[in-house]
Structure formats: structure tokens, C-alpha cells
Amino acid sequence: MIAYSSYTDIELTDLLKSGDHTAFNEIYHRYWNKLLAIAYNHTKDKSSAKEIVQELFVSLWNRRDNIDIKSLNCYMATAIKFSVYKQIDRGRRRREIENKEYKQDLYTEDEFNIEARFLQEYINAQVEQLPEKCRLVFNYSRIKGLTNPEIARAMDISEKTVEGHLTKGLKIIRLNLKNSGFVSVIAYSTLYELLK
């Protein structure tokens, strides 16, 4: 039996797509140190770097059926840089929100409330990225508080279309939140309140 360490990246990628755990483990051991070095070089924090790399490998396994990898080396290097930039951007946005809106209350608010407000800001940004009609329906419903029949009359569309746009908007936002890594233990109940 041929050792997996002798397989090329292309062979390992093909095996990964078929759900081969041993191929995944070989990719993990082959790229862990390299990715950790890249992540650490950007974050200067060993704990954060490890977390970023771990999340990348979890994502790689979960998305193995849908990924299109031409070069595993290039894919992993690009993915880790993107993951680092996402974390840096999340941290920057969190600091901006805290400094801009909550400077006075920063030392009195607990972590749950900060997380809730940060999630709301993130969701607001996601709403702005929705398709036009979907965004209008979402804003009528969640910001102006209109009922589905009221929205249908205001936009001259059927209630079923209103429901469709709301469902689509919520699905997109939830998926983006999941993919961005924002859904933490603290966020679950907050997220339910914001998107119900």
C-alpha cells in the first residue's frame, strides 16, 4: 500500500473530494506549519493564528464537495490570507463600532450587549448587499415594522412575493453570518431576536 505522504497535491485533492479522511489528514500535516507561519506573520498572535488555521481546515473539510482547486498550495495560501484579513476586518469593525457608538458605555456594558450591537451593525451591512426588491421588503418589515399585507400594498406585489423576499433575505444573511464566523454561543439568542 502506497503511503499518502507520497501522493501529489492533485491526488490528495481528488481523494479529499471523495471524502477520504486519510487524504485530509495528510493535507493537514503537509500544510499546517506553513499556514500557521503565514497567519502568525499577519496577526503576531500565536493563539489567533492557530484558531484561524484550524477554522480553515474545518471549512476545507465541510466544503470538500464544492471546492474547485487547481493548485492546493495556491488555494491554501490564498485561503489563509483571506481568513486573516477577515479576522482583522472583524476586529477593526468591532473597534470602530465600540469607539463610535459605545465609548461612554464601553466599561459598563457586558459582552452580550456589545456582541448584540456588533451583530446588528453587521446585519445592517448585509441587508444593504441584498438584491433591491429583497432589500426593500426586508427594510419595510424589520425597520419600519410593516406587516406583510402592508408591504404588499406599498410595493404593489402579492403577499406570497413578500414572504418569498423575506425568506430569501433571511437565508442570505444567516448564510453570510455562518460563513463569516460571527455565530458564537453569545450570538445565538441575539441572532434569533434580530432576524425573527
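Residues numbered from 1 in each chain as written. Predicted model: local features only at pLDDT ≥ 70, side-chain atom pairs only at ≥ 80, totals over all residues. Heavy atoms only, no water.

Things to note about the nonpolar core
Piece 1. One finds I27, L35, V53, F57, L60, M76 and I80 to be the most contacted residues of the largest nonpolar core, which totals 26 residues.
Piece 2. It is helix 2 (residues 21-43) that provides the largest number of residues to this core, a total of nine residues.
Piece 3. Counting residues in each nonpolar core, the second largest holds 13 residues, with V137, F138, I151 and L166 among its members. (Core = buried A, V, L, I, M, F, W, Y, C linked by side-chain atoms within 4.5 Å. Buried < 20%, exposed > 50% of the residue type's maximum accessible area, 1.4 Å probe, protein only. Helix = DSSP H or I, 4+ residues; strand = E, 2+ residues; numbered from the N terminus.)

Quick look at the pattern of salt bridges
Piece 1. According to the stated counting rule, one finds two salt bridges in the structure shown.
Piece 2. When the shortest N-O distance is used, the salt bridge between D9 and R30 registers 2.8 Å. Highlighted residues: D9 in helix 1 (residues 9-17) and R30 in helix 2, separated in sequence by 21 residues.
Piece 3. In this structure, the salt-bridge partner of R30 is E26, at a minimum N-O distance of 3.2 Å. (Salt bridge = Lys/Arg side-chain N within 4 Å of Asp/Glu carboxyl O.)

Focus: unusual backbone geometry
Glycine aside, a negative phi is what most residues show, and trans is what most peptide bonds show.
Piece 1. In the Ramachandran plot, K44 falls in the positive-phi region, its phi being about 60° despite a non-glycine side chain.
Piece 2. One non-glycine residue, D156, lies in positive phi territory at about 55°.
Piece 3. With respect to the helices and strands, D156 occurs in the loop between helix 7 (148-155) and helix 8 (159-180).

Notes on the packing of aromatic side chains
Piece 1. Counted under the stated rule, the structure contains six aromatic pairs.
Piece 2. Aromatic side chains Y28 and W32 sit 5.2 Å apart centroid to centroid with 25° between the ring planes, which places their arrangement in the stacked category. On the criterion of helical spacing, the pair formed by Y28 and W32 is a turn pair, its members being four residues apart in helix 2.
Piece 3. Classification of W32 by relative accessible area gives buried; the value is 16%.
Piece 4. Three or more aromatic residues link up through ring pairs in this structure, and these residues are F24, Y28, W32, F57 and W61.
Piece 5. Residue placement shows R64 over the ring face of W61; its charged tip is 3.9 Å from the ring centre. (Phe/Tyr/Trp six-rings, centres within 6.5 Å; stacked < 30°, edge-to-face > 60°. Lys NZ or Arg CZ within 6 Å of the ring centre and 35° of its normal.)

Quick notes on the confidence of the model for the chain
Piece 1. Residues with a pLDDT of 70 or more make up 76% of the chain, whose mean pLDDT is 79.
Piece 2. When the criterion is pLDDT under 50, residues 184-190 qualifies, and its contacts beyond four places in sequence or with other chains add up to 12 contacts. (pLDDT = per-residue confidence, 0-100. Contact = heavy atoms within 4.5 Å.)

Thoughts on the environment of F82
Piece 1. Along the polypeptide, F82 turns up in helix 4 (residues 72-101).
Piece 2. Through-space distance from the C-alpha of F82 to that of A39 is 10.0 Å; in sequence the pair is 43 residues apart.

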